[in-house]
Amino acid sequence: MAVYTRLGAEEMAAIIAAFDVGTLISAKGIAEGVSNSNWLIETQDAQGALHRFILTVYETRTDTADLPFFLDLLDHLAARDCPVPRTIHDRNGASHRFHEGKALALIEFLPGISVSEPTRAQARAVGAALAQVHLAAADFPAERRNSMGPDAWRQLLGDCGSEGLESIHPGLAAIVDRELAALSSGWPSDLPSGVIHADLFPDNVLMLGDEVTGLIDFYFACTDITAYDVAVTHAAWCFSADGAGFLPDLSVALMEGYESVRPLSQMERDALPLLAQGAAMRFLATRAYDWLNTPNDALVTPKDPMAFVRRLEFYADPANAGVFSS
Ligand SMILES: Nc1ncnc2c1ncn2[C@@H]1O[C@H](COP(=O)(O)OP(=O)(O)OP(=O)(O)O)[C@@H](O)[C@H]1O
Ligand SMILES: N[C@@H](CCO)C(=O)O
């Protein structure tokens, strides 16, 4: 359960009173998510109307120095009609506050649920929403380096060590060595870049039917190759959960949706197979690291790294280079 911080009723009321959102009516801890503590907050204004918000207390994984980038980005995208939650600023105009040494933010609540078996129409809508974010972020003034880029993959996989990788799956160390070398020699440096979400998995998208109502969890957002975000989203949406089954209909729909809003250049399209290998390596790296370093009695079950090894092998197979055509 992702509520690591305990807040008493009076403490919670005092936190909410710092915002001009009415009186606290209820606060319920949210089980989903693993990085931060989240509550669903309900308030009542002077006219008796009820309002909902998400209160996030940032735990150690989020660097508070990055919060202005993440939270200003939400406001920037929301102002340009992207389906992202606005940040509620406090009575002094600040986007985040500190409580007992931890940063917190109050975020607009958006309706919707995260789908576990997306349909073609839903994949199309997600592709279009991602492209809308890329276009809307073009004039966002701040920049943030990708802390989960190729250097981080190498570092994390190096920390796992050959023995650690072999304990996950015999032969994994050799696959990682081979693919890291291929990625290092070919990683593009001349593609259009801008702000990317970098983690647009189904659990970070809220939907009502076929409509995207919310893109959330921008805490890996950064400045990087725009088409890499397409590759990340493709890897996250177009396979069965264990990575064994590629879902071609979802792939076509996702790419069609994306290109209906932001057509890819030929250079971007040509780079997608390699960018997707990079995307698979990024999630393989963090999952392998967590697999080996999560204590047995932890509340959180680590995610299966092999699901991204299978995706990596799929994308590295030249026979699959054409899957990005819409
Ligand atoms: N703006 C929002 N509107 C509605 N629900 C939200 C909103 N933001 C977050 N949630 C809910 O809270 C849950 C946890 O949020 P989130 O994924 O941001 O947590 P996290 O711990 O930071 O993420 P992660 O586990 O992916 O690192 C989501 O699954 C969703 O149910
Ligand atoms: N979305 C990631 C977790 C956050 O980096 C995964 O499924 O591995």
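Residues numbered from 1 in each chain as written. Chains lettered and ligands numbered in written order. Predicted model: local features only at pLDDT ≥ 70, side-chain atom pairs only at ≥ 80, totals over all residues. Heavy atoms only, no water.

Caption draft 1: A look at the side chain of Ser251. Tracing the chain through its elements places Ser251 in helix 7 (residues 248-261). Ser251 gets classed as buried once you look at its relative accessible area, which sits at 1%. Ignoring any residue separated from it by four or fewer positions in sequence, one finds Ser251 in contact with His234, Cys238, Phe246 and Val323. (Helix = DSSP H or I, 4+ residues; strand = E, 2+ residues; numbered from the N terminus. Buried < 20%, exposed > 50% of the residue type's maximum accessible area, 1.4 Å probe, protein only. Contact = heavy atoms within 4.5 Å.)

Caption draft 2: Representation of a nonpolar patch on the surface within the structure. A cluster of nonpolar side chains, namely Tyr4, Val34, Leu299 and Val300, defines an oily patch on the protein surface of about 360 Å² accessible area. Considering the arrangement of structural elements, one finds Tyr4 in the segment before helix 1 (9-17). (Patch = residues over 30% accessible without salt bridge, like charges linked within 9 Å, V, L, I, M, F, W, Y side chains within 5 Å. Areas by Shrake-Rupley, 256 points an atom, 1.4 Å probe, with all protein chains shown as cover. Salt bridge = Lys/Arg side-chain N within 4 Å of Asp/Glu carboxyl O.)

Caption draft 3: Structural context of helix 6 (residues 226-237). For helix 6, spanning 12 residues, the distance from its first C-alpha to its last is 17 Å, which sits close to the expected 16 Å at 1.5 Å a residue. Of all 12 residues making up helix 6, 12 are buried, and the element is well covered by its neighbours. Looking only at helix 6, the buried set comprises Thr226, Ala227, Tyr228, Asp229, Val230, Ala231, Val232, Thr233, His234, Ala235, Ala236 and Trp237. (Expected span 1.5 Å × (residues − 1).)

Caption draft 4: Geometry of the packing of aromatic side chains. Enumeration over the complete set of coordinates arrives at 15 aromatic pairs. A ring pair is formed by Phe70 and Tyr219, whose centres lie 5.5 Å apart and whose planes are at 85°; its orientation type is edge-to-face. Separated by 149 residues along the polypeptide, Phe70 in helix 2 (residues 67-79) and Tyr219 in the loop between strand 9 (211-215) and strand 10 (222-225) bring together distant segments of the chain. Its relative accessible area of 1% is what places Phe70 among the buried residues. You can call Tyr219 buried: its relative accessible area is 17%. Considering the side-chain rings of Tyr315 and Phe324, the 5.9 Å spacing of their centres and the 20° angle between planes classify their relative orientation as stacked. Of the two residues examined, Tyr315 and Phe324, each falls in the buried class. Taken together through their ring pairs, the aromatic side chains of Tyr58, Phe69, Phe70, Phe140 and Tyr219 make up a single cluster. Sitting above the plane of the Phe109 ring, Arg52 keeps its charged end 5.0 Å from the centroid. (Phe/Tyr/Trp six-rings, centres within 6.5 Å; stacked < 30°, edge-to-face > 60°. Lys NZ or Arg CZ within 6 Å of the ring centre and 35° of its normal.)

Caption draft 5: Summary view of the site of ligand 1. What surrounds ligand 1 is a group of 16 residues, the closest being Val34, Ser35, Glu108, Leu110 and Asp217. For ligand 1, an oxygen atom lies 3.1 Å from a polar atom in the backbone of Asn36. Taking Asp217, its side chain carries an N or O atom lying 2.5 Å from an oxygen atom of ligand 1. Split into classes, the residues belonging to the shell around ligand 1 amount to 8 nonpolar, 5 polar and 3 charged. Both of domain 1 (9-108) and domain 2 (120-324) provide at least three residues apiece to the shell around ligand 1. (Near = heavy atom within 4 Å. Polar contact = N/O pair within 3.5 Å; in protein donor to acceptor, adjacent residues only side chain to side chain. Nonpolar A, V, L, I, M, F, W, Y, C, P; charged D, E, K, R; others polar. Domains from an automatic or database assignment.)

Caption draft 6: Inspection of the site of ligand 2 at higher detail. Near ligand 2 you find Asp199, Phe201, Phe220, Arg282, Phe283, Arg287 and Lys303, and these make up its full shell. A distance of 2.7 Å separates a nitrogen atom of ligand 2 from a polar side-chain atom of Asp199. Note that an oxygen atom of ligand 2 is positioned 3.3 Å from one of the side-chain N or O atoms of Arg282. Computed on the free molecule, ligand 2 has an accessible area of 260 Å², of which 83% lies beneath the protein chains in the complex.

Caption draft 7: Here's a closer look at the pairing of strand 8 (residues 205-208). Alignment of strand 8 against strand 9, held across 4 bridges, turns out to be antiparallel. Within strand 9, the position partnered with Met207 by the bridge is Val212. Between strand 8 and strand 9, which follow one another and run antiparallel, lie 2 residues, and Gly209 among them has a positive phi close to 60°. (Pairing = 2+ DSSP bridges.)

Caption draft 8: Summary view of the domain arrangement of the protein. You can read the domains of the protein as domain 1 (9-108) and domain 2 (120-324). Domain 1 and domain 2 are separated by 28 Å when their C-alpha centres are compared. Each partner contributes residues to the interface: domain 1 has 19 residues there, and domain 2 has 23 residues. Taken together, both faces of the contact between domain 1 and domain 2 bury some 1700 Å²; the carbon and sulfur share is 72%. On the domain 1 side of the interface with domain 2, the three residues burying the most area are Phe69, Phe70 and Pro83, jointly 36% of the side's total. Counting every contact that joins domain 1 to domain 2 gives 2 salt bridges. Salt-bridge contacts for Asp66 lead to Arg144; the nearest nitrogen and oxygen are separated by 3.1 Å. Where domain 1 packs against domain 2, one counts 7 residue pairs in polar contact (both at pLDDT 80 or more). (Buried area = accessible area lost by both parts, 1.4 Å probe.)

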